[in-house]
Amino acid sequence: MKIVFASTPSQEEEINELVRYIYSNIFPLYFSDEEICQFEQLGILHPTEEFSTLKDAFQVMTCIQTLISILESSPLDDQYAALYNKNVDTLEEFGLSFPFDFEQFLSVKGMRHSMLSIYTKADNELII
C-alpha cells in the first residue's frame, strides 16, 4: 500500500501567484502588451487541471521560481540555458505551456525597461 498526499489549495494559490508574478514582472521586460495578451489567450503557464500530488505541486512551484530567478538575473547569461530548458521541460510534463526558447530572452533583455505596461503593478495606488 502506498500513501500519496494530494496538493493543497494553498499550493494551488501559490502557483497562481507565481504565474501572476511572471505576467506582471517578467513578461513586460521582454514582450509588448499585445504579446502578453496573446499569451493569456493561449493559456501560457495556466494549469489545465489540479495537480494530483503534493510532490507535483512542489515541483511546479520550484520550476516557476527557478525560471523567475533566471529571467531576473543580471546579466542574463548562456550559463543558465541548460537549467532553463530543464525547468521548461518539467513544466510541460505537468501540462503548463511555456513555449519560449532561452535565446528569445537573451536577445531581448533590457530593451523594454523604459516602457509602461498595463500588466505591471502600479507604483502607487489611490484608495478611495
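Reading guide: rules and limits
- Residues numbered from 1 in each chain as written.
- Predicted model: local features only at pLDDT ≥ 70, side-chain atom pairs only at ≥ 80, totals over all residues.
- Heavy atoms only, no water.
- Axes fitted to C-alpha atoms, helices over the stretch in contact; angles between N-to-C directions.
- Helix = DSSP H or I, 4+ residues; strand = E, 2+ residues; numbered from the N terminus.
- Left-handed = near helix turned anticlockwise from the far one by under 90°.
- Contact = heavy atoms within 4.5 Å.
- Core = buried A, V, L, I, M, F, W, Y, C linked by side-chain atoms within 4.5 Å.
- Buried < 20%, exposed > 50% of the residue type's maximum accessible area, 1.4 Å probe, protein only.
- Parallel < 35°, antiparallel > 145°, perpendicular 65-115°, else oblique.
- Nonpolar A, V, L, I, M, F, W, Y, C, P; charged D, E, K, R; others polar.
- Salt bridge = Lys/Arg side-chain N within 4 Å of Asp/Glu carboxyl O.

## A few points about the packing of helix 3 (residues 54–72) against helix 4 (residues 81–93)
1) Next: Contact geometry for helix 3 and helix 4: axes closest at 9 Å, N-to-C directions at 145°. The two elements helix 3 and helix 4 cross, and the hand of that crossing is left-handed. Where helix 3 approaches helix 4, its residues V60, T62, C63, I64, T66, L67, I70 and L71 are matched on the opposing element by L83, Y84, N87, V88, T90 and L91.

## Observations regarding the nonpolar core
1) Next: Within the largest apolar cluster, 33 residues are counted, with the highest numbers of intra-cluster contacts made by F27, I64, Y84, F98, F100 and F105.
2) Next: Listed by contribution, the elements that provide at least two residues to this core are helix 1 (9–30), helix 2 (33–42), helix 3, helix 4 and helix 5 (102–108).
3) Next: Counting residues per element, this core draws most heavily on helix 3, at nine residues.
4) Next: Apart from residues lying up to four places away in sequence, F27 is in contact with I22, I36, F39, F98 and F100.

## Some words on the packing of helix 1 against helix 2
1) Next: Their axes nearest at 10 Å, the elements helix 1 and helix 2 cross at an angle of 135°. In this view, helix 1 runs oblique relative to helix 2, as classed from their interaxial angle. Relative to helix 2, the crossing made by helix 1 is right-handed. Across from Y23, F27 and P28 in helix 1, the residues of helix 2 making contact are I36, F39 and E40.
2) Next: Here the contact of helix 1 with helix 2 is composed, by residue class, of five nonpolar, no polar and one charged.

## Structural notes on the pattern of salt bridges
1) Next: Evaluated as defined, the whole model comprises two salt bridges.
2) Next: Salt-bridge contacts for E13 lead to R20; the nearest nitrogen and oxygen are separated by 2.8 Å.
3) Next: Across the salt bridge formed by R20 and E17, the nearest N and O atoms sit 2.4 Å from each other. Of this pair, R20 and E17 are both found in helix 1, three residues apart, which corresponds to roughly one turn of the helix.
4) Next: Look at E17 and you get partly exposed, because its relative accessible area is 39%.
5) Next: By sharing partners, the salt bridges in this structure join E13, E17 and R20 into a single network.

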